[in-house]
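Inside the fold
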Amino acid sequence: MSRVLNRRRFLQSSLAAAASVGVSTIRASAFSTEEHIEAIVIGSGFGGAVASLRLGQAGIETIVLERGRRWQITDDGDTFSTYQKPDGRSTWLSPTTVVFDQVPIDIYTGVLDVKIGDGMIAYRGAGVGGGSLVYNGVTYQPTQELFYQVFPRSINYSELDQVYYPRVRSILKPSPIPDDILQTDYYLSSRIFLEQAAKAGLKARKLDMAVDWDIVRQEIAGQKVASAIIGQVYYGINSGAKNSLDRNYLGLAEATGKVEIRSLHVVTSIEESDKGRYRIICNQINEQGAVLAQKSFVCRYLFLAAGSIGTTELLLRAKANGTLPRLNDQVGKFWGTNGDGVGAVITNGPTNPTQGGPAATVIEHFDNPIAPVVTEQLPFPIVPEGVIASLGQAIAKPEGYFTYNASTQSADLFWPSNSTNNQKNAQALQYTYQLLNQANSTTLAEPLNFGATAHPLGGATIGAVCNTYGQVYGYRNLFVVDGALIPGSTACTNPSLTIAALAERCMDRFLNRST
Ligand SMILES: Cc1cc2nc3c(=O)[nH]c(=O)nc-3n(C[C@H](O)[C@H](O)[C@H](O)COP(=O)(O)OP(=O)(O)OC[C@H]3O[C@@H](n4cnc5c(N)ncnc54)[C@H](O)[C@@H]3O)c2cc1C
């Protein structure tokens, strides 16, 4: 796990790659023609996909601007690259892979991107479908009690529970791993994890996964390319077993005939234009990241869904450049890691550690005496035989923040890794592992790793930059509908379900308001 990233080498490479999609300095007046459209959505991850579908269904002409490319699953089973043989498709505009080992690759608009911050490395997806292209598919609803440790009481949990979480699930169609699949050799680690938890008296269960288990069965039968069953997740699943957003929400949005997704369009600036409209400037790029054209759009309604990092960066840039002059000083604040921490346990026998993805099981230790934590068994391709890796999550306080760096025209990320709350969460997770290890005569392979997160959250949060329906203070028709809204944690769960449910709630409010 300590091989996650060589920071210095990565920084050099990412700077080189970033130059090719550099921020446009062209002013709006330089564009002879602009496209006018009712609504624009920036980004096509969970927030953007929900917004697109609901706008399309309401008959509102919408363009979705997405920096990454489309990833169509084909019968060849070769849409995405693999851990064994990574190539440019794995990584966003970088000369090396950025997770696990650093392998040289061609510079390409691949699916996994990384943000190197001070005190934290944050991963995110890139492409039509956003984080759903690279995610495990864990679709996890927080408990009411923990939800209110993060969110204000003005968000009604019962309404989320009865209306919005089910609405999202009805489209993502998540379900737990069926027993016949769990019993195969591929999922040995998941079974051992459940057994170890039971021995330690810890509550463990299967998780709802946005996975088509019939396709996993076809992988097992040799009718589809082996992909999920051999632990391929973070560069995409070639068999099509993952229910990524391009295959549900976004496909449904396009089917309305009102929504057009423009891939390989990197938004560089947003500004208020006349009559309360918004101008969006972007670079159209090729698959190698070179700028082909600069484009300008004007819309009446603007939905920011570029993810915690992308949305915050666009807002910070707009604030620094004075293009959204009424933004307040809270932009960039209240960011967190969802309390992510990776642990690896040495067991006493075989585990098939590189097989059986995506994650399927969780230990819920909400009554941990130090702090509530969960830990999920995950496939990690670098984990050796005999070791089981899992991802812990706790309630991170939103103590991180972004500042705008005028020289690079990007957002710099800061995370106080040694804060009292972060130390407490680390101790809590350590305690859960102690119980597991004592009961099973196992040991931790190395200290828990809190240096990276796959769950960046915050930067334009509810109550600080936006109201609880995502409307940006001071701007009636500007909305944040993605993970940037959430102050640092989704209460001991993976965030995608809560991001999507809150986006559904925001869109309901928007579509039901009078003008
Ligand atoms: C490896 C990995 C595994 C994960 N596993 C899980 C899991 O199992 N369960 C779970 O709940 N969560 C998981 N997550 C987290 C989950 O993917 C994110 O929380 C979620 O995708 C965030 O949704 P979002 O709408 O905020 O933004 P995103 O899904 O990140 O979407 C933002 C989109 O905006 C685009 N974009 C960014 N900047 C620009 C720009 N300037 N112009 C145009 N487009 C732009 C991006 O390319 C991206 O497509 C995982 C994340 C990673 C990295």
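In what follows, the structure referred to is the one given above.
Predicted, not measured: the structure shown is a model, and the values here were computed from it.

Cut-offs applied
- Residues numbered from 1 in each chain as written.
- Predicted model: local features only at pLDDT ≥ 70, side-chain atom pairs only at ≥ 80, totals over all residues.
- Heavy atoms only, no water.
- Near = heavy atom within 4 Å.
- Polar contact = N/O pair within 3.5 Å; in protein donor to acceptor, adjacent residues only side chain to side chain.
- Helix = DSSP H or I, 4+ residues; strand = E, 2+ residues; numbered from the N terminus.
- Nonpolar A, V, L, I, M, F, W, Y, C, P; charged D, E, K, R; others polar.
- Core = buried A, V, L, I, M, F, W, Y, C linked by side-chain atoms within 4.5 Å.
- Buried < 20%, exposed > 50% of the residue type's maximum accessible area, 1.4 Å probe, protein only.
- Contact = heavy atoms within 4.5 Å.
- Pairing = 2+ DSSP bridges.
- Bend = angle between axes of the 7 residues up to and from the residue.
- Salt bridge = Lys/Arg side-chain N within 4 Å of Asp/Glu carboxyl O.
- Axes fitted to C-alpha atoms, helices over the stretch in contact; angles between N-to-C directions.
- Left-handed = near helix turned anticlockwise from the far one by under 90°.
- Phe/Tyr/Trp six-rings, centres within 6.5 Å; stacked < 30°, edge-to-face > 60°.
- Lys NZ or Arg CZ within 6 Å of the ring centre and 35° of its normal.

**Here we look at the site of the ligand**
Every one of the 36 residues lining the ligand counts as a neighbour, but Glu 66, Arg 67, Gly 131, Gly 483 and Ser 496 are closest to it. One nitrogen or oxygen atom from the main chain of Phe 46 is found 3.1 Å from an oxygen atom belonging to the ligand. Those elements giving two or more residues to the shell around the ligand turn out to be helix H2 (46-57), strand E4 (121-125), strand E7 (265-272) and helix H11 (496-512). Considered class by class, the residues forming the shell around the ligand number 16 nonpolar, 16 polar and four charged.

**Description of the nonpolar core**
Ile 40, Ile 270, Ile 280, Leu 302 and Phe 303 are the most contacted members of the largest nonpolar core, which has 139 residues in total. Each residue touching Leu 302, except ones within four places of it in the same chain, is listed here: Ile 40, Ile 42, Ile 270, Tyr 278, Ile 280, Asn 477, Leu 478 and Phe 479. Counting 17 residues, the second largest nonpolar core, distinct from the first, contains Ala 197, Leu 202, Leu 429 and Tyr 433.

**Remarks on the side chain of Asn 421**
Positionally, Asn 421 belongs in helix H10 (residues 420-440). Apart from residues no more than four positions distant in its own chain, Asn 421 is found in contact with Ile 395, Ala 396, Lys 397 and Glu 399.

**A few points about the sheet that holds E4**
Reading across the sheet, the three strands line up as E3-E4-E18 and stay open at both edges, with mixed pairing between neighbours. Of all strands in the sheet, those with a lone pairing partner are strand E3 (112-116) and strand E18 (452-453), marking the two edges. Pairing between E4 and E18: two bridges, direction parallel. Residue pairing for E18: Ile 121 is matched across the bridge by Ala 452.

**Things to note about helix H4 (residues 157-172)**
At Tyr 164, H4 shows its maximal kink, close to 30°; a proline, Pro 166, follows between one and four residues later. Packing partners of the buried residues in H4 comprise H2, helix H3 (144-147), helix H8 (249-255) and H11. At the N-terminal end of H4, a side-chain oxygen is found 2.9 Å from the backbone nitrogen of Ser 158, two or three residues along, and the residue is Asn 156. One or two residues past the end of H4 sits Lys 173, with phi positive at roughly 50°.

**Regarding the pattern of salt bridges**
Scanning the entire structure with this criterion turns up 23 salt bridges. One salt bridge connects Arg 54 with Glu 504, and the closest N-O pair in it is separated by 2.8 Å. One end of the pair, Arg 54, is in helix H2; the other, Glu 504, is in helix H11, and 450 residues separate them in sequence. Here the two residues Arg 54 and Glu 504 agree in accessibility, since each one is buried. Residues Arg 317 and Glu 313 are paired through a salt bridge, measuring 3.4 Å at the closest nitrogen-oxygen approach. With Arg 317 and Glu 313 both in helix H9 (residues 307-321), this residue pair falls four residues apart, about one helical turn. Just as Arg 317 is buried, Glu 313 falls in that class too. Via salt bridges that share partners, Glu 34, Glu 271 and Arg 279 belong to a single interconnected network.

**Let's talk about the packing of H2 against H11**
At a minimum axis distance of 8 Å, the contact between H2 and H11 shows a crossing angle of 30°. Seen along the crossing, H2 lies across H11 with a hand that is right-handed. The residues of H11 that touch H2, namely those facing Phe 46, Gly 47, Val 50, Ala 51, Arg 54 and Leu 55, are Ser 496, Ile 499, Ala 500, Ala 503, Glu 504, Met 507, Phe 510 and Leu 511. In terms of residue class, the contact of H2 with H11 is made up of ten nonpolar, two polar and two charged.

**Here we look at the sheet that holds strand E13 (residues 373-377)**
Either a parallel or an antiparallel arrangement is found when strands of a sheet pair, and the pairing is made through backbone hydrogen bonds. As summarised here, the arrangement of the six strands in space is E5-E12-E13-E14-E11-E17, forming an open sheet in which the pairing is antiparallel. Edge positions in the open sheet fall to strand E5 (203-206) and strand E17 (443-444), since each of these has one partner strand only. The sheet contact formed by E13 and strand E14 (residues 387-394) spans five bridges and is antiparallel. Within E14, the residue paired with Val 374 across the bridge is Gln 393. Packing of helix H6 (residues 188-199) onto the sheet brings it into contact with E5, strand E12 (361-365), E13 and E14, and relative to E12 it is tilted by some 20°. The strands that H10 touches are strand E11 (341-346), E12, E13, E14 and E17; relative to E13, the one it contacts most, it runs at about 55°.

**Considering the packing of aromatic side chains**
Each aromatic ring pair is described using two quantities: the centre-to-centre distance and the angle formed by the ring planes. Tallied over the full model, the rule gives 20 aromatic pairs. Here the aromatic rings of Phe 147 and Tyr 148 are separated by 5.4 Å at their centres, their planes lie at 80°, and the arrangement is edge-to-face. With relative accessibility at 0%, the residue Phe 147 sits in the buried group. Note on Tyr 148: relative accessible area 16%, which makes it buried. When the centroid spacing of 5.7 Å and the interplanar angle of 85° are considered together, the rings of Trp 335 and Trp 415 count as edge-to-face. Linking Trp 335 in strand E10 (residues 335-336) with Trp 415 in the loop between strand E16 (410-414) and H10, this pair joins segments that are 80 residues apart in sequence. Judged by its relative accessible area of 6%, Trp 415 is buried. Members of the aromatic cluster, joined through ring pairs, are Tyr 83, Phe 100, Tyr 234, Tyr 235 and Phe 380. The ring of Tyr 148 has Arg 153 sitting right over it, with the charged end atom 3.9 Å from the ring centre. Arg 505 extends its terminal NZ or CZ atom over the ring of Tyr 469, reaching a point 4.1 Å from the ring centre.

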